[in-house]
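Breakdown of the fold
So the chains spell out like this:
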Amino acid sequence: MPLVRIEIIKGKSAQYRQQLLEGIHTALETALGIPGWDRYQRLYELDNDCFERDSSHSDNFTMIEITMFPGRTKEQKARVFTEIVGELERRLGIANTDVFIVLHEPPDENWGLSGRQRG
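Reference entry: report on the structure contained in this document. (Residues numbered from 1 in each chain as written. Predicted model: local features only at pLDDT ≥ 70, side-chain atom pairs only at ≥ 80, totals over all residues. Heavy atoms only, no water.)

Let's talk about the pattern of salt bridges
In the structure shown here, the tally under the stated rule is 10 salt bridges. Put simply, Glu87 and Arg90 hold a salt bridge, and the shortest N to O gap is 3.2 Å. In this pair, Glu87 and Arg90 are both assigned in helix 2 (residues 74-92), 3 residues apart and thus about one turn of the helix distant. One connected set of salt bridges, linked through shared partners, spans Glu87, Arg90 and Arg91. (Salt bridge = Lys/Arg side-chain N within 4 Å of Asp/Glu carboxyl O. Helix = DSSP H or I, 4+ residues; strand = E, 2+ residues; numbered from the N terminus.)

Structural data, given as structure tokens:
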């Protein structure tokens, strides 16, 4: 049950946004084996003047934060990075240097599902 937060610069087409969401979810299915229905993604679009970045990054700069249950191996996490970058390059032509990804793994006791603490 990964929770995905994506931040991009405002102004992309609906098709671009849809391919972004599809690409990230496909990558998570491949890398982590999550089912197709397990989809919790939020896309935030920011005005260019509210999205500071190094001048080496283009307007396709994409920041992705993924919060997931703990327990994945180092190799699975590396595959998440590789698969996401690959999907975004293939689908949208986003350079790997324009993709930043951070994984968060809060302990089970910090997850509340349907009013109950996990773990």
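Points about the packing of aromatic side chains
The tally for this structure, following the rule as stated, stands at 3 aromatic pairs. Look at Phe51 and Phe61: their rings are 5.6 Å apart centre to centre, the planes differ by 85°, and that puts the pair in the edge-to-face class. Remark: Phe61 occurs in the loop between strand 2 (40-46) and strand 3 (62-67) and Phe51 occurs in the loop between strand 2 and strand 3; sequence separation between them is 10 residues. Accessibility expressed as a relative area gives 3% for Phe61, which makes it buried. (Phe/Tyr/Trp six-rings, centres within 6.5 Å; stacked < 30°, edge-to-face > 60°. Buried < 20%, exposed > 50% of the residue type's maximum accessible area, 1.4 Å probe, protein only.)

Topic: helix 2
An ideal rise of 1.5 Å per residue puts 27 Å on 19 residues; helix 2 measures up with 27 Å between its terminal C-alpha atoms. Within the sequence span of helix 2, burial applies to Val80, Glu83, Ile84, Gly86, Glu87, Leu88 and Leu92. Against helix 1 (14-32), strand 3 and strand 4 (99-104) lie the buried residues of helix 2. Downstream of helix 2 by a residue or two, Gly93 has a phi angle that is positive, lying close to 70°. (Expected span 1.5 Å × (residues − 1). Contact = heavy atoms within 4.5 Å.)

Some words on the sheet that holds strand 1 (residues 3-9)
Spatially, 4 strands are ordered 2-1-3-4 in an open sheet, and the strand pairing comes out mixed. Among the strands making up the open sheet, the edge pair consists of strand 2 and strand 4. Strand-to-strand twist in this sheet, taken as the mean axis angle between neighbours without regard to direction, amounts to 15°. Running at roughly 150° to strand 4, helix 2 makes contact with strand 3 and strand 4 of the sheet. (Pairing = 2+ DSSP bridges. Axes fitted to C-alpha atoms, helices over the stretch in contact; angles between N-to-C directions.)

Some details on the packing of helix 1 against helix 2
At a closest axis distance of 8 Å, the pairing of helix 1 and helix 2 adopts a crossing angle of 150°. As summarised for this structure, helix 1 and helix 2 are arranged roughly antiparallel, according to the angle between their axes. The chirality of how helix 1 crosses helix 2 is right-handed. Facing helix 1, whose interface residues are Tyr16, Gln19, Leu20, Glu22, Gly23, Ile24, Thr26, Ala27, Leu28, Thr30, Ala31 and Leu32, helix 2 presents Gln76, Arg79, Val80, Glu83, Ile84, Glu87, Leu88, Arg91 and Leu92. Grouping the amino acids of the contact of helix 1 with helix 2 by side-chain chemistry returns 11 nonpolar, 5 polar and 5 charged. (Parallel < 35°, antiparallel > 145°, perpendicular 65-115°, else oblique. Left-handed = near helix turned anticlockwise from the far one by under 90°. Nonpolar A, V, L, I, M, F, W, Y, C, P; charged D, E, K, R; others polar.)

Observations regarding the side chain of Arg72
Tracing the backbone through its elements, the reader meets Arg72 in the loop between strand 3 and helix 2. Within the buried core, Arg72 has no salt-bridge partner, and the shortest N-O distance to an opposite charge, that of Glu105, equals 5.6 Å. A polar contact is formed between the side chain of Arg72 and the backbone oxygen of Phe69, at a distance of 3.1 Å. (Lys, Arg positive; Asp, Glu negative; His and termini not counted. Polar contact = N/O pair within 3.5 Å; in protein donor to acceptor, adjacent residues only side chain to side chain.)

What to know about the nonpolar core
Residues Ile24, Ile64, Ile66 and Ile84 are the most contacted members of the largest nonpolar core, which totals 22 residues. Contributing elements (two or more residues each) for this core: strand 1, helix 1, strand 3, helix 2 and strand 4. At 8 residues, the largest contribution of residues to this core is made by helix 1. Not counting residues within four places of it along the chain, the set of residues in contact with Ile66 comprises Pro2, Leu3, Val4, Leu28, Val80, Ile84, Ile101, Val102, Leu103 and His104. (Core = buried A, V, L, I, M, F, W, Y, C linked by side-chain atoms within 4.5 Å.)

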